[in-house]
Amino acid sequence: MNFQGAWTLGHIRFMLEGFAVTLQVAVIAIILSFILGTLIGVLRYTRLPIVSPILAVIVETLRNLPLLLIIMFVYLALPELGIRLGVFYSAVVGLTVFEMAMISEIVRGGLMSVDKGQTEAARASGMTYTQTLWHIVLPQALVKMIPPTVSQFISLLKDTSLAVAIALPELMHNSQIIYNGNPSYINPILLLAALFYFVTNFLLSQVALLLERRLRY
Amino acid sequence: MITFEKVNKYFGTFHVLKNINLHIETGEVVVIIGPSGSGKSTLLRTINGLETITSGKLIVDGVQVNAKGTDLNKLRRNIGMVFQHFNLYPHKTVLENIILAPMKVLGLSRQEAEKIAREYLEKVGILEKINAYPSQLSGGQQQRVAIARGLAMRPKAMLFDEPTSALDPEMIGEVLDVMKTLAREGMTMVVVTHEMGFAREVADRIIFMDQGEIIEESTPDVFFKNPREERAQMFLKRILSH
């Protein structure tokens, strides 16, 4: 182990550059997958004819594939169909569609867990299906969704490291470059990378706890 | 106000409501009693379309509930409902629980809706809890808020589905008192309950159901003193003997 040689300013800066890419990919994928996943989850919950069954097939397919395969598919197979996204957006798209499927299941489960009496009370007062969903069911489901959603986002942030397979210059990729030149750097560099991931995800889960406490009624 | 004509309902092959014929006048208080599983709640829930019927004709407030193209939402504004488990919205305060439907369904301004909310909270005796959340209230208080929530739509009739069955014994009285006041003021009420004292005191008419059928229909005096049907006699004996 060579801490002094490994933890130089240049190396740390190179790793931070990688971590910046990690965060960019993660943040974009989190936002997009949350929006799309919520939409899909709500649509599946409403049991619209045609739309809901199609979405069910898409979600089940995505959930049962390895994320690595999806990323490879977007990066290597889509170009053959004329869609060339480049490394960065291949990672974003791959992560987004996979996490979107996961989030949609969390949303659907959250909606279904709201007591049926709530819907009945709202409908009995003359509110429409949409008003009931928006004012009564969705707000209650959201609170229940926070913990599983956050752990899904934490998974997402960690899973950005899979994009190392398509040579996205994110944290793991840059770490590899540093220690590939010198095996005695492996331990210190991996330790530092672990610290980056841990601190970020730990903060994320703390924010979630605060949010959950704030929203509880 | 409410008319059932040869109404039948099946849950799959289970015949829940058997040839129901019933007419309820405006201002009448009708109490439905009977053993559990007799179809009382199902009957009540067909009135505002929470349950569909399989055959027959059901007319509420001049509208045929089971006809195609009936605007159930429009019908439901005129029919308040109180549930066994209160079903208050836990993420909303007492005030928000009450003003939601008047604002969203009737299109009242927040100011108007709040005025009505205060009026009815005062009536059910818990104006001081206006900013509390349901979880901070006792069962009896929650049910009184639920009644105020129903009244705030200024309905033509109120449905009560076992409103005291989920309450601790010491809280049943406060809810029944509110219901008695309503009955005295001339509200049309259909009440499913096991509270025989309430039925005897307040009902204009008792409907006794068993196995999906209306077995007996009479005034409380007649029903409690001289029930005609054997099944009603046995039910009363069981329920009043302890």
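Counting restarts for each chain, with residues numbered from 1 along the sequence as it is written. Whichever chain is written first is A, and whichever ligand is written first is 1; the rest continue in order. With the structure being a predicted model, the display of local features is reserved for residues of pLDDT at least 70 and the display and counting of side-chain atom pairs for 80 or more, all residues being used for whole-chain, interface and lining totals. Excluded from the side-chain calculation are hydrogens and water; included are all heavy atoms of the structure.

Would you explain the overall build of chain A in this entry?
Helical segments are the DSSP runs of H or I of at least four residues, strand segments are the runs of E of at least two, and each set is numbered from the N terminus. Within chain A one finds 9 helices and 0 strands. Reading chain A from its N terminus to its C terminus gives the helix and strand order α-α-α-α-α-α-α-α-α. Oriented by its inertia axes, the alpha-carbon framework of chain A measures out at about 70 × 45 × 20 Å. Burial classes follow relative accessibility: with a 1.4 Å probe on protein chains only, a residue under 20% of its type's maximum area counts as buried, one over 50% as exposed, and anything between as partly exposed. In chain A, which comprises 217 residues, the proportion classed as buried is 46%. By definition, residues are in contact when any of their heavy atoms lie within 4.5 Å. If you take every contact in chain A between residues at least 6 apart in sequence, the share linking residues at least 24 apart comes to 78%. The accessible surface values rely on the Shrake-Rupley method and a 1.4 Å probe; as for residues, cover is taken only from the protein chains in view. On chain A, roughly 11100 Å² of surface is accessible, and the fraction owed to carbon and sulfur atoms is 70%. Only four residue types enter the charge count: Lys and Arg as positive, Asp and Glu as negative, with His and the chain ends excluded. Taken as the charge location is NZ of Lys, CZ of Arg, CG of Asp or CD of Glu. Separation of charge centres in chain A, based on 13 positive and 10 negative side chains, amounts to 7 Å.

Whenever I open this one, the UniProt feature "domain: ABC transmembrane type-1" (unreviewed entry) in chain A confuses me. Can you help?
UniProt positions are given in the numbering used here, feature names are shortened, and annotations may be inferred rather than shown by experiment. Per the UniProt entry, the sites bearing "domain: ABC transmembrane type-1" (unreviewed entry) are residues 19–208 of chain A in this numbering. Structurally, residues 19–208 of chain A comprises 79% helix and 0% strand, and the distance from its first C-alpha atom to its last is 22 Å.

Would you mind showing me how to read the sheet that holds strand β8 (residues 188–192) of chain B here?
Adjacent strands of a sheet form backbone hydrogen bonds with each other and so pair up, either parallel or antiparallel. Residues and elements named next belong to chain B. Across the sheet, 6 strands lie side by side as β6-β7-β8-β3-β9-β10; this open sheet has mixed pairing. Whereas interior strands pair on both sides, the edge strands pair on one side only; in this sheet they are β6 (79–82) and β10 (213–218). Each neighbouring strand pair of the sheet contributes to a mean axis angle of 15 degrees, computed without reference to strand direction. For two strands to pair, DSSP has to find at least two bridges joining them. Judged from the 5 bridges that link them, strand β9 (residues 205–210) and β10 form a sheet pairing that is antiparallel. Within β10, the residue paired with Phe-208 across the bridge is Glu-216. Between the N-to-C directions of two axes lies an angle of 0 to 180 degrees, each axis being a line fitted to C-alpha atoms and, for a helix, fitted only over the stretch in contact.

Explain helix α1 (residues 40–47) of chain B here, please?
Residues separated by three or four positions in an α-helix point in the same direction, a consequence of the helix having 3.6 residues per turn. All names here are of chain B. Within α1, 7 of the 8 residues are buried, leaving the element largely enclosed by the surrounding structure. Buried within α1 are the following residues: Lys-40, Thr-42, Leu-43, Leu-44, Arg-45, Thr-46 and Ile-47. Residue Gly-49 follows α1 closely and has a positive phi angle near 75 degrees.

Would you mind going over the packing of helix α2 (residues 9–45) of chain A against helix α5 (residues 86–112) of chain A with me for this structure?
A packed helix pair is summarised by two numbers, namely the angle formed by the two axes and the spacing between the axes. Residue and element names in this part refer to chain A. Their axes nearest at 6 Å, the elements α2 and α5 cross at an angle of 40 degrees. Taken together, α2 and α5 sit at an angle that is classed as oblique. As for the relative orientation of α2 and α5, their crossing is right-handed in sense. For this classification, Asp, Glu, Lys and Arg are treated as charged, while Ala, Val, Leu, Ile, Met, Phe, Trp, Tyr, Cys and Pro are nonpolar and the rest, including Gly, are polar. Grouping the constituent residues of the contact of α2 with α5 by class yields 19 nonpolar, 7 polar and 4 charged. For classification purposes, an angle smaller than 35 degrees is called roughly parallel, one larger than 145 roughly antiparallel, one from 65 to 115 roughly perpendicular, and anything else oblique. Working rule for handedness: look at the near helix, and if it is turned counterclockwise from the far one by less than a right angle, call the crossing left-handed; if clockwise, right-handed.

Honestly, the packing of aromatic side chains in this entry has me stumped. Any pointers?
A ring pair, where both rings are aromatic, is described by two values, the distance of the centres and the angle of the planes. Residue and element names in this part refer to chain B. Two aromatic rings, drawn from Phe, Tyr or Trp (for Trp, its six-membered ring), form a pair once their centres lie within 6.5 Å of each other, and the interplanar angle then sorts them: stacked below 30 degrees, edge-to-face above 60, tilted otherwise. For the structure shown, the criterion picks out 9 aromatic pairs over all chains. Centre to centre, the rings of Phe-208 and Phe-223 are 6.0 Å apart; their planes meet at 35 degrees, and the pair counts as tilted. Linking Phe-208 in strand β9 with Phe-223 in helix α8 (residues 220–225), this pair joins segments that are 15 residues apart in sequence. Both residues of the pair, Phe-208 and Phe-223, count as buried. Both rings, one in Phe-223 and one in Phe-224, keep their centres 5.3 Å apart while their planes meet at 85 degrees; by these two values the pair is edge-to-face. For the pair formed by Phe-223 and Phe-224, the shared burial category is buried. Within the aromatic cluster, the residues linked to one another by ring pairs are Phe-208, Phe-223, Phe-224 and Phe-235. Should the NZ of a Lys or the CZ of an Arg lie within 6 Å of a ring centre and within 35 degrees of the ring normal, that charge is described as sitting over the ring. Here the guanidinium or amino end of Arg-149 rests over the ring plane of Tyr-89, the centre of that ring lying 4.5 Å away. Above the ring of Phe-224, the side-chain terminus of Arg-200 is found at 4.7 Å from the ring centroid.

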